[in-house]
Amino acid sequence: MVGDATPNGWSLDNATPLTIGGDPNKFTWTGTLNEGEMKFSCDKQSDWNGAWFLASKNGMVPSGDIEQMLFSSPGSNPDNKWKINSAGTYTIELDQLQETVQIKKQ
């Protein structure tokens with residue numbers, strides 16, 4: 001994941017990784033998010049034209065519930081990002097097969 005809300009900012013070369021669990025389609029992460037924007041890279045293309053998992057609308061504040069994501073294929077639009085309004089510890093559970101994510105503040 002990348003964005004000013006994430007620990008490593010907008011650096012694709014140093015994107016914050018999520019961990020694969022027992023199901024290869026599910027990824028998790030727990031850590032500190034800052035106030036700001038974020039999105040999930042699927043392939044870390046250095047030209048930023050790779051595939052992404054994006055918020056269903058731009059500036060979407062995570063509800064803490066399971067939410068649908070948009071899959072954006074290389075070079076397509078939109079570029080919707082999640083907006084983290086409150087810094088703190090979050091757990092993220094991303095299911096790429098179902099195209100869902102849960103971003104929950106602890």
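Refer to the preceding data block for the structure.
Residues numbered from 1 in each chain as written. Predicted model: local features only at pLDDT ≥ 70, side-chain atom pairs only at ≥ 80, totals over all residues. Heavy atoms only, no water.

Caption draft 1: Spotlight on the environment of Thr 30. Along the chain, Thr 30 falls in strand β2 (residues 26–33). Sequence spacing of Thr 30 and Thr 91 is 61 residues, and the spatial spacing of their C-alpha atoms is 4.3 Å. Not counting residues within four places of it along the chain, the set of residues in contact with Thr 30 comprises Thr 89, Tyr 90 and Thr 91. A distance of 3.0 Å separates polar atoms of two side chains, one belonging to Thr 30 and the other to Thr 91. (Helix = DSSP H or I, 4+ residues; strand = E, 2+ residues; numbered from the N terminus. Contact = heavy atoms within 4.5 Å. Polar contact = N/O pair within 3.5 Å; in protein donor to acceptor, adjacent residues only side chain to side chain.)

Caption draft 2: Local environment of the packing of aromatic side chains. Counted under the stated rule, the structure contains 4 aromatic pairs. Measuring from centroid to centroid gives 5.7 Å for Trp 48 and Trp 52, while their planes differ by 10 degrees, and the two rings are stacked. Look at Trp 48 and you get partly exposed, because its relative accessible area is 34%. Counting every residue linked through ring pairs, the aromatic cluster contains Trp 10, Trp 48 and Trp 52. (Phe/Tyr/Trp six-rings, centres within 6.5 Å; stacked < 30°, edge-to-face > 60°. Buried < 20%, exposed > 50% of the residue type's maximum accessible area, 1.4 Å probe, protein only.)

Caption draft 3: Focus on the sheet that holds strand β1 (residues 19–20). Strand order in this open sheet of 5 strands is β1-β2-β9-β10-β6, and the pairing throughout is antiparallel. Each edge of the open sheet carries a strand with a single partner, namely β1 and β6 (66–68). Here β1 runs beside β2; their pairing, made up of 2 bridges, is antiparallel. Paired with Ile 20 across the two strands is Phe 27, which belongs to β2. (Pairing = 2+ DSSP bridges.)

Caption draft 4: Examining unusual backbone geometry more closely. The phi dihedral of Lys 44 falls on the positive side, at around 50 degrees, and the residue is not glycine. Turning to its location among the elements, Lys 44 is positioned in the loop between β4 (40–41) and β5 (52–54).

Caption draft 5: Structural view of the sheet that holds β5. If you walk across this open sheet you meet the 3 strands as β4-β5-β7, and the pairing is antiparallel. At either end of the open sheet lies a strand with only one pairing partner, and these are β4 and β7 (70–72). Across 3 bridges, β5 lies against β7 in antiparallel orientation. Within β7, the residue paired with Trp 52 across the bridge is Ser 72.

Caption draft 6: Looking closely at the side chain of Asp 95. With respect to the secondary-structure elements, Asp 95 resides in strand β9 (residues 88–95). A distance of 3.0 Å separates a polar atom in the side chain of Asp 95 from the backbone nitrogen of Leu 97. In this structure, Asp 95 is in contact with Asn 25, Lys 26, Met 69 and Thr 100, ignoring residues within four places of it in sequence.

Caption draft 7: Layout of the nonpolar core. Leu 33, Met 38, Phe 40, Trp 82, Ile 92 and Ile 103 are the most contacted members of the largest nonpolar core, which totals 19 residues. Those elements that provide at least two residues to this core are β2, β8 (82–84), β9 and β10 (100–105). Apart from residues lying up to four places away in sequence, Ile 92 is in contact with Met 1, Leu 18, Phe 27, Thr 28, Trp 29, Leu 33, Met 38, Phe 40, Val 101, Gln 102 and Ile 103. Grouped together as the second largest cluster of nonpolar side chains are 5 residues, Val 2, Leu 12, Trp 52 and Leu 54 included. (Core = buried A, V, L, I, M, F, W, Y, C linked by side-chain atoms within 4.5 Å.)

Purely spatial values, then, with no claim about function.
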